[in-house]
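# What the coordinates show
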Amino acid sequence: MDFDYSPWNPIIWAFFGVFVFTVILIISVFHKKYPDYAERCEQEDE
Amino acid sequence: MPASVDELMVKIADVCTYKWDMLKNRPLAFFLSAFAGGAFVSFGAMLALSVSAGVPENMAVGFANLLMGLVFTFSLVIIMFSGMTLVTADMAYGIIGIFHKRINCMQFVWGVILAYAGNFTGSIFFMWLLSKGGGYAALPWLVHAHAIGVAKTGATSMQIFVMGIICTWSLQAAAFLFVKANDDVSKILMAAYGPLAFVAGMAEHCIANIGFLAVPLFQQDLYLKVAGKITNHAPVILHWGFGQYGWAHNQLYTILGNFIGGILFVGVIFQLVSNPERVSEIYKNKKEFMIKL
């Protein structure tokens, strides 16, 4: 393929973008579902 | 009894707090711990090169990989026992820290960048020093180091990317189990398993590859002098840039793959397997929020 040795392989960068989006989405949904999760840590930090 | 997965997640969040606290309050110390971590990885790369040069392929295909993996094991052991920094471990620990609200995304990114910079500096400096030592300039090591460099930089972007995912999937599983284990022997076994799996499994690790590729690049002039005597083909020229046989080509796609393997397939999965209610119970009785490895 043309992109085998290019730093801009579109499939890999698209895959990486989906990965970043997915991880951020999972964390956001997790924190919305469990708003009090690990809340004592935040109190400690303050 | 080893910690449950719920306790494990809290312990890893505590490790993350320790690491990012050092980054925030003593950034030079954090950088130096990453420098040491990078050099420790290169100790393993040096030994792997040392024992695998000259092993005939017709003896047993994969035997050289096994030897390399076995001697590479101790690199993660000494990193974890000394509490030094390895960027791929911090990627996986950091994502748990974000779930547990110990750090935010920007702090995570800054930690990864500084850890990589320290690891890079330590690894490349150690390998530069090694190339000046002369011991690996003898023919078997010269040829073997170059062959490793050609194999790693000659692979396509997709091959490197996929083997990068596989690497940190196995390595960071070991880094998590290191924290889970209670006694020193179990911790050593867990830490040893990761490098054995990824080196013998021919996977791609960004910091290990800095070491593996730096030796043939630093010694390329010596190799080219002898190459004409040992082969009829024109020798492959390695280089530091992008494109086939380039260091940056291998490094870029290894890093991208390493992110996904450690974060998605280890950090996120372990976190989602843990029970949020039980984790909350642990937090109710918790007084300390920081542990050193």
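As a reminder, the structure under discussion sits directly above these lines.
Just so it is clear, the model here is predicted, and its values are computed rather than measured.

### Looking at empty space enclosed by the protein
Residue and element names in this part refer to chain B.
- For the coordinates displayed, the defined rule picks out two cavities of 30 Å³ or more.
- Taken as a whole, the largest cavity spans an internal volume of roughly 40 Å³.
- Every residue lining the largest cavity is listed: V41, F72, S75, L76, I79, L86, L171, P195, F198 and H205.
- If you list the elements that add at least two residues to the lining of the largest cavity, you get helix 3 (63-82) and helix 8 (184-200).
- The residue makeup of the lining of the largest cavity, split by class, is eight nonpolar, two polar and no charged.

### A few points about the pattern of salt bridges
All names here are of chain B.
- Across all of its chains, the model carries five salt bridges over all chains by this definition.
- Of the charged contacts, one joins D6 and R278 as a salt bridge, the two residues approaching to 3.9 Å between their closest N and O atoms. Within this pair, whereas D6 is found in helix 1 (residues 5-25), its partner R278 is found in helix 12 (residues 276-284), the two being separated by 272 residues in sequence.
- Note on D6: relative accessible area 6%, which makes it buried.

### Some points on the interface of chain A and chain B
- Contacts between chain A and chain B engage 28 residues on the former and 37 residues on the latter.
- In this assembly, chain A packs against chain B so that about 2,900 Å² is buried in total across both faces, 73% of it on carbon and sulfur atoms.
- Scanning the region where chain A abuts chain B turns up zero salt bridges.
- Elements represented by at least two residues in the side of chain A that touches chain B include exactly helix 1 (10-33) and helix 2 (39-45) of chain A.
- Sorting elements by how many residues they give to the side of chain A that touches chain B places helix 1 of chain A first, with 11 residues.
- A per-class count over the side of chain A that touches chain B returns 19 nonpolar, three polar and six charged.

### Things to note about the environment of F19 of chain A
- Structurally, the position occupied by F19 of chain A is in helix 1.
- Distance in space between the C-alpha atoms of F19 of chain A and W8 of chain A is 17 Å, their sequence separation being 11 residues.
- Excluding anything up to four places from it in sequence, F19 of chain A contacts F259, I260, I263 and L264 of chain B.

### As for the packing of helix 2 (residues 27-52) of chain B against helix 9 (residues 206-218) of chain B
Residues and elements named next belong to chain B.
- Contact geometry for helix 2 and helix 9: axes closest at 8 Å, N-to-C directions at 50°. Looking at the two axes, helix 2 sits oblique to helix 9. Note that helix 2 runs across helix 9; the crossing there is right-handed. Along the contact surface, helix 2 presents G38, V41, S42, A45, A48 and L49, while helix 9 presents I207, A208, G211, F212 and V215.
- Considering only residue class, the contact of helix 2 with helix 9 consists of eight nonpolar, three polar and no charged.

### Side note on the packing of aromatic side chains
All names here are of chain B.
- With the rule as written, the count across this model stands at 25 aromatic pairs over all chains.
- With 5.9 Å between their ring centres and 25° between their planes, Y93 and F176 make a pair best called stacked. Placement of the pair is Y93 in helix 4 (residues 87-99) and F176 in helix 7 (residues 157-180), with a sequence separation of 83 residues.
- A residue is classified by how much of its surface remains accessible, and Y93, at 1% relative accessible area, is buried.

### Remarks on the state of the cysteines
All names here are of chain B.
- Following the criterion strictly, the structure yields zero disulfides over all chains and no others.
- No disulfide involves C206; its nearest neighbouring cysteine sulfur is the one of C167, lying 7.9 Å away.
- Given the relative accessible area of 1%, C206 is considered buried.

### Re the nonpolar core
- Ranked by internal contacts, the top residues of the largest apolar core, which has 94 residues, are F72, Y93 and I263 of chain B.
- If you tally residues by element for this core, the top one is helix 11 (residues 247-273) of chain B, at 11 residues.
- For I263 of chain B, the residues in contact, after removing those within four places along its chain, are F19 and V23 of chain A together with M91, I95, F108 and V268 of chain B.

### A closer look at unusual backbone geometry
Residues and elements named next belong to chain B.
- Even without glycine at this site, K101 takes up a positive phi of about 60°.
- Structurally, the position occupied by K101 is in the loop between helix 4 and helix 5 (105-133).
- Residue class for K101 comes out buried when judged on its relative accessible area of 15%.
- Phi angles above zero are rare outside glycine, and Y245 is one such case at about 65°.
- Within the fold, Y245 resides in the loop between helix 10 (220-230) and helix 11.

Quick notes on the rules
- Residues numbered from 1 in each chain as written.
- Chains lettered and ligands numbered in written order.
- Predicted model: local features only at pLDDT ≥ 70, side-chain atom pairs only at ≥ 80, totals over all residues.
- Heavy atoms only, no water.
- 1 Å grid on protein atoms, 1.4 Å probe; cavity = no way out; pocket = protein on both sides within 12 Å on 5 of 7 lines; lining within 4 Å.
- Points joined across faces, edges and corners; volume = space filled by probe spheres on them.
- Helix = DSSP H or I, 4+ residues; strand = E, 2+ residues; numbered from the N terminus.
- Nonpolar A, V, L, I, M, F, W, Y, C, P; charged D, E, K, R; others polar.
- Salt bridge = Lys/Arg side-chain N within 4 Å of Asp/Glu carboxyl O.
- Buried < 20%, exposed > 50% of the residue type's maximum accessible area, 1.4 Å probe, protein only.
- Contact = heavy atoms within 4.5 Å.
- Buried area = accessible area lost by both parts, 1.4 Å probe.
- Axes fitted to C-alpha atoms, helices over the stretch in contact; angles between N-to-C directions.
- Parallel < 35°, antiparallel > 145°, perpendicular 65-115°, else oblique.
- Left-handed = near helix turned anticlockwise from the far one by under 90°.
- Phe/Tyr/Trp six-rings, centres within 6.5 Å; stacked < 30°, edge-to-face > 60°.
- Disulfide = S-S within 2.5 Å.
- Core = buried A, V, L, I, M, F, W, Y, C linked by side-chain atoms within 4.5 Å.

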